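So you can see what is in the structure, the chains are spelled out below.
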Amino acid sequence: MVSVGTIVWLASELMFFAALFAMYFTLRAVNQDVWATYTEKLNVPFATVNTIILVDQKLRVEVANDVVEIDDEETEEQESEERTTPAEVKQGPAP
């Protein structure tokens, strides 16, 4: 069950980002000439390269995380196979 603290935290995050988006859209609506001037200065190739680098790094981190999780699962399986059960200890080794 989700605790009250988690719900309060999520609600506060939602309100915070809603306020940020409201400020952004308000500024865009009030100062349209400023936004039109600086939009022309956007360096699309530079922004595209930076976006590709960021997405590539994120994908590499996710793949590495999956590899570590798979390795941990395999290690746990091997360790559980190596452990002896209490019945095996009482009976001794098999002849």
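Scroll up for the structure.
Residues numbered from 1 in each chain as written. Predicted model: local features only at pLDDT ≥ 70, side-chain atom pairs only at ≥ 80, totals over all residues. Heavy atoms only, no water.

K.L.:
Please set out the overall build of the protein chain residue by residue, giving values where relevant.
P.N.:
Helix and strand content of the protein chain: four helices and zero strands. Reading the helices (α) and strands (β) of the protein chain from amino to carboxyl end gives α-α-α-α. Relative to its full complement of 95 residues, the protein chain shows a buried share of 0%. (Helix = DSSP H or I, 4+ residues; strand = E, 2+ residues; numbered from the N terminus. Buried < 20%, exposed > 50% of the residue type's maximum accessible area, 1.4 Å probe, protein only.)

K.L.:
Talk me through the pattern of salt bridges; I want residue IDs and the actual numbers.
P.N.:
As enumerated under the stated definition, the model contains two salt bridges in all. Of the charged contacts, one joins Arg 60 and Asp 56 as a salt bridge, the two residues approaching to 2.9 Å between their closest N and O atoms. Taken together, the positions of Arg 60 and Asp 56, both in helix H3 (residues 44–82) and four residues apart, correspond to about one turn of that helix. Judged by relative accessible area, which is 34%, Asp 56 ranks as partly exposed. (Salt bridge = Lys/Arg side-chain N within 4 Å of Asp/Glu carboxyl O.)

K.L.:
Please set out the packing of aromatic side chains residue by residue, giving values where relevant.
P.N.:
Taken as a whole and judged by the stated rule, the model has four aromatic pairs. Consider the rings of Phe 16 and Phe 17, whose centres lie 5.3 Å apart with planes at 80 degrees: the pair is edge-to-face. What makes Phe 16 partly exposed here is its relative accessible area of 48%. Taking the centre distance of 5.6 Å and the plane angle of 85 degrees together, the rings of Tyr 24 and Trp 35 count as edge-to-face. A residue pair is termed long-range when its members are at least 10 positions apart, and Tyr 24 in helix H1 (residues 4–30) and Trp 35 in helix H2 (residues 32–39) qualify at eleven residues. Relative accessible area serves as the criterion here: at 29%, Trp 35 is assigned to the partly exposed category. (Phe/Tyr/Trp six-rings, centres within 6.5 Å; stacked < 30°, edge-to-face > 60°.)

K.L.:
Requested: an account of a negative patch on the surface, with residues and values cited.
P.N.:
On the surface, Asp 66, Glu 69, Asp 71, Asp 72, Glu 73, Glu 74, Glu 76, Glu 77 and Glu 79 cluster together into a patch of negative charge. On the secondary structure map, Asp 66 appears in helix H3. (Patch = residues over 30% accessible without salt bridge, like charges linked within 9 Å, V, L, I, M, F, W, Y side chains within 5 Å. Areas by Shrake-Rupley, 256 points an atom, 1.4 Å probe, with all protein chains shown as cover. Lys, Arg positive; Asp, Glu negative; His and termini not counted. Charge placed at Lys NZ, Arg CZ, Asp CG, Glu CD.)

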